[in-house]
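Given next are the chains, with one letter for each unit.
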Amino acid sequence: MAVNEYMQKTEDNLVHTYNRFPVTFERGEGVYLYDTDGKKYLDFAAGIAVSGLGYAHEELNSALKEQVDKLLHTSNLYYNTTCGRAADALRRVSGMGRVFFTNSGTEAIEGALKAARKYAWKKNNGRYEYIAMSNSFHGRSMGALSVTEHEPYRTPFEPLIPGVKFAEFNNLDSVKALVNEKTCAIILEPLQGEGGINAATKEFMEGIRKICDEEEILMICDEIQCGMARTGAMFAWQGYGVRPDIMAMAKAIGSGVPVGAFAVTEEVAEFSLEPGDHGTTYGGNPFVCAAVAKTIEIYEKTDMTGHVRETGAYLAGELKKLSETCGDILEIRGTGLIQGIRLKEPVGGVIKKALSEGLVLISARSDVIRLVPPLIIEKEHVDEMISVLKRILAD
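Residues numbered from 1 in each chain as written. Predicted model: local features only at pLDDT ≥ 70, side-chain atom pairs only at ≥ 80, totals over all residues. Heavy atoms only, no water.

Draft legend 1. Quick peek at the packing of aromatic side chains. Inspection of the entire model under this criterion finds 5 aromatic pairs. Geometrically, the ring pair formed by F25 and Y41 is edge-to-face, given 5.2 Å between the ring centres and 90° between the ring planes. Within this pair, whereas F25 is found in strand β1 (residues 25-29), its partner Y41 is found in strand β3 (residues 40-43), the two being separated by 16 residues in sequence. Accessibility expressed as a relative area gives 33% for F25, which makes it partly exposed. Each ring, one from F137 and one from Y153, has its centre 5.6 Å from the other, and the planes form 70°; the classification is edge-to-face. (Phe/Tyr/Trp six-rings, centres within 6.5 Å; stacked < 30°, edge-to-face > 60°. Helix = DSSP H or I, 4+ residues; strand = E, 2+ residues; numbered from the N terminus. Buried < 20%, exposed > 50% of the residue type's maximum accessible area, 1.4 Å probe, protein only.)

Draft legend 2. Just the sheet that holds strand β16 (residues 362-364), in detail. Spatial ordering of the open sheet is given by β13-β14-β17-β16, a layout of 4 strands whose pairing is antiparallel. In this open sheet, the two edge strands, each paired with only one partner strand, are β13 (329-335) and β16. Here the average twist between neighbouring strands, direction ignored, is 30°. Alignment of β13 against strand β14 (residues 338-343), held across 6 bridges, turns out to be antiparallel. From the neighbouring strand, I332 faces β14, where its bridge partner is I341. (Pairing = 2+ DSSP bridges. Axes fitted to C-alpha atoms, helices over the stretch in contact; angles between N-to-C directions.)

Draft legend 3. Focus on the sheet that holds strand β4 (residues 98-102). If you trace the 7 strands from one edge of the open sheet to the other, you get β4-β12-β11-β10-β7-β5-β6, paired in mixed fashion. Two strands close off the open sheet at either side, each with one partner strand: β4 and β6 (164-167). Adjacent strand axes in the sheet meet at a mean angle of 20° when their direction is disregarded.

Draft legend 4. Examining helix α13 (residues 348-356) more closely. Residues of α13 that are buried: V350, I351, A354 and L355. Taken end-on, α13 shows its buried residues confined to a sector of 135°, consistent with a single buried face. Where the residues of α13 are buried, they touch β3, β14, β15 (359-360), β16, β17 (368-371) and α14 (379-394). Trailing α13 by a residue or two, G358 shows a phi angle of about 85°, which is positive. (Arc of directions from axis to C-beta. Contact = heavy atoms within 4.5 Å.)

Spelled out as structure tokens, the structure:
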């Protein structure tokens, strides 16, 4: 059966919940993807900020192949050798206290929300409400949707979990106005990805931390997309000097292997989840944890955060130059290697045209081109992307 026939047969058997682009990728190398016809694409999406090490990374692949030959799965009824190494690595680079592995970012959010509720229950303070942010995105499960402020995602599944209020992102007064004796946690992304590449101000992050400290409220940071060196710090909150009580992560921590985690401080660990409160069959299995441990090892020894700061500054500079010559660009925003280009018109047509010219881009809402390339890109790849984008926007 020809490849195209096979893919059509596969598509016919799927539930159509994804709007897919008309391309079938077969392999990757470095920062490039190749389709089934051998066409080469420069990737500035990284599987939605997942493939920080790009594709066919020899050291990572060797570690995964070695683990496949040892052990794939045992369940969390037993210890395994890689889970401890991965947890220690995450604790070391995050400065958090304890780690719980999940299968995805959405599951990490669910665990974070449960940990906050259980903390309040054990403290016997009667708190159960959450404050989330405008333009937020935390996932598509019922709990994660409940703290996601985007009506098209929410409406078909309402009523969602009660006790959630939405404040205006970067407006501290709007947060203060919602705090009451029932608030157990405030959840936010230090840099919103899906919501349009919106970075929190230092004043906002520090203000949230101050409110939480004064009111005995937990601060939850969603680092699923902006974490793992993408902003130039291992986790975005570190760039603000503001540590959360609970942090959710996923995507790039496994370099393409499906894995998530949430981490808590020792204080939260002491007064929150106990055996039986939360669980996962696959979370923390030997294979995914081998990926996490090796990913962090590679990031540390190659100074990935330093590389991202340097390359991200170059990317931001080139985008600024592009905006000065292109009237369709309204704004450039972002940090490190998570950048957004806000256009006057919806960006769907630009993204489709870029794909036809061998450049992979994604959007953030309807009017922002989201640039989240593999973190290993070099300045020459930025130049290549800018050249294509300049040509497309000039048409």
